[in-house]
Amino acid sequence: MNEQYLTLKDIFDACQEVELRVAKIYAKLALLLGSVDDRVERFWATMSTEEWQHHVLVDFGRNLCEQAFDINMQITDLPTSISIDRIRNGLAEHEHRLAEMNLTLNDAFKTAIEIESSEADQLFIYLTKKIKKAVQETGQTFLLGRLNRIAKEMQHHHKALVVATKRFCNDPDIVRSALSLTDDNR
């Protein structure tokens, strides 16, 4: 993908793909590790559901942006730190690892932390800003409350991963990595 010539549609397509792939990864973790403990299965199933909700939100945001902007407009303000190809390649590595290895709970938490601290979240945040701008442009400001709740849910998503890592992971380095997800400096 030539990231110099991305359109808003390309960004939405990529973000929806990413959210769906992450939801599938977490669903697979629920299946693979559910026998460890019922709480572990519920945790991964909830993480998967939340990623699916992000996928649906991106679709909702696409509809708003189509009302406010030319969805085929070239994007010039995507931060250079975000590479869709890098995001896709990282997800492919995680998917390959899940298919290849005898996964431990620690491996699962390490994978989730890598995903949640990746550029994928930055891409989602970028689109959330575009969606807020579309809300303003279309005069549908009543939707701002919903978007703010979504931002808080994303923070909760990270905090839930931290709590679960502390509870179920026995590797202090992985726990420290998880704690970095809730650092205010992110």
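Before any of the text, the structure's been laid out above.
A brief look at the structure comes next.

How each quantity is defined
Residues numbered from 1 in each chain as written. Predicted model: local features only at pLDDT ≥ 70, side-chain atom pairs only at ≥ 80, totals over all residues. Heavy atoms only, no water. Helix = DSSP H or I, 4+ residues; strand = E, 2+ residues; numbered from the N terminus. Rg over C-alpha atoms; globule rule 2.2 N^0.38 Å. Buried < 20%, exposed > 50% of the residue type's maximum accessible area, 1.4 Å probe, protein only. Contact = heavy atoms within 4.5 Å. Areas by Shrake-Rupley, 256 points an atom, 1.4 Å probe, with all protein chains shown as cover. Lys, Arg positive; Asp, Glu negative; His and termini not counted. Charge placed at Lys NZ, Arg CZ, Asp CG, Glu CD. 1 Å grid on protein atoms, 1.4 Å probe; cavity = no way out; pocket = protein on both sides within 12 Å on 5 of 7 lines; lining within 4 Å. Points joined across faces, edges and corners; volume = space filled by probe spheres on them. Core = buried A, V, L, I, M, F, W, Y, C linked by side-chain atoms within 4.5 Å. Salt bridge = Lys/Arg side-chain N within 4 Å of Asp/Glu carboxyl O. Disulfide = S-S within 2.5 Å. Phe/Tyr/Trp six-rings, centres within 6.5 Å; stacked < 30°, edge-to-face > 60°.

## Description of the overall build of the protein chain
- If you tally the helices and strands in the protein chain, you get 7 helices and 0 strands.
- A compact globule built from 186 residues should have a C-alpha radius of gyration of about 16 Å, and the protein chain, at 17 Å, falls within 12% of that.
- For the protein chain, the spread of C-alpha atoms along the principal axes amounts to about 50 × 35 × 30 Å.
- Across the 186 residues of the protein chain, 45% fall into the buried class.
- Long-range contacts, defined as pairs at least 24 residues apart, comprise 83% of the intrachain contacts of the protein chain with a sequence gap of at least 6.
- Carbon and sulfur atoms form 48% of the exposed surface of the protein chain, whose accessible area is close to 9,800 Å².
- Here the protein chain contributes 23 positive and 29 negative side-chain charges, whose respective centroids are spaced 4 Å apart.

## With respect to empty space enclosed by the protein
- Per the stated rule, a full pass over the model turns up 1 cavity of 30 Å³ or more.
- Here the largest cavity is characterised by a volume of approximately 40 Å³.
- Taken together, Val-18, Glu-19, Val-22, Glu-51, Ile-115, Glu-116, Ala-120 and Asp-121 make up the lining of the largest cavity.
- Examining the composition of the lining of the largest cavity, we find that 3 residues originate from one element, helix α1 (residues 8–33), more than from any other.

## Description of the nonpolar core
- By size, the foremost hydrophobic cluster in this structure holds 58 residues, and its most contacted members are Ile-11, Tyr-26, Leu-29, Trp-44, Phe-109 and Leu-123.
- Where this core is concerned, the elements lending two or more residues are α1, α2 (38–68), α3 (84–100), α4 (105–116), α5 (119–138), α6 (144–168) and α7 (172–180).
- The element best represented in this core is α1, accounting for 12 residues.
- Once residues lying within four places of it in the same chain are set aside, the contact partners of Tyr-26 are Trp-44, Met-47, Ser-48, Glu-51, Ala-112, Ile-115, Glu-116 and His-157.

## A look at the pattern of salt bridges
- Counted by the stated rule, this structure contains 10 salt bridges.
- The partner of Arg-62 in a salt bridge is Asp-13, and the shortest N-O contact between them spans 2.7 Å. Taken as a pair, Arg-62 in helix α2 and Asp-13 in helix α1 lie far apart in primary sequence, 49 residues in all.
- Judged by its relative accessible area of 10%, Arg-62 is buried.
- Residue Asp-13 is classed as partly exposed on the basis of its relative accessible area, which comes to 29%.
- A single salt-bridge network, built from bridges that share partners, covers Glu-17, Arg-21, Arg-88 and Glu-95.

## Looking at the state of the cysteines
- Under the counting rule described, the total for this entry stands at 0 disulfides.
- With no disulfide of its own, Cys-65 lies 11 Å from the sulfur of Cys-15, the closest cysteine sulfur.

## Topic: the side chain of Lys-130
- Mapping Lys-130 onto the fold places it in helix α5.
- In this structure, Lys-130 is in contact with Leu-8, Cys-65, Phe-69, Ile-75 and Asp-77, ignoring residues within four places of it in sequence.

## Digging into the packing of aromatic side chains
- Under the counting rule described, the total for this entry stands at 4 aromatic pairs.
- With a centroid separation of 5.2 Å and an interplanar angle of 40°, the aromatic rings of Trp-44 and Phe-109 are classed as tilted. Taken together, the positions of Trp-44 in helix α2 and Phe-109 in helix α4 put the pair 65 residues apart, joining distant regions of the chain. There is no split in this pair, since Trp-44 and Phe-109 are both buried.
- An aromatic cluster is built from Tyr-26, Phe-43, Trp-44 and Phe-109, whose rings are joined through pairwise contacts.

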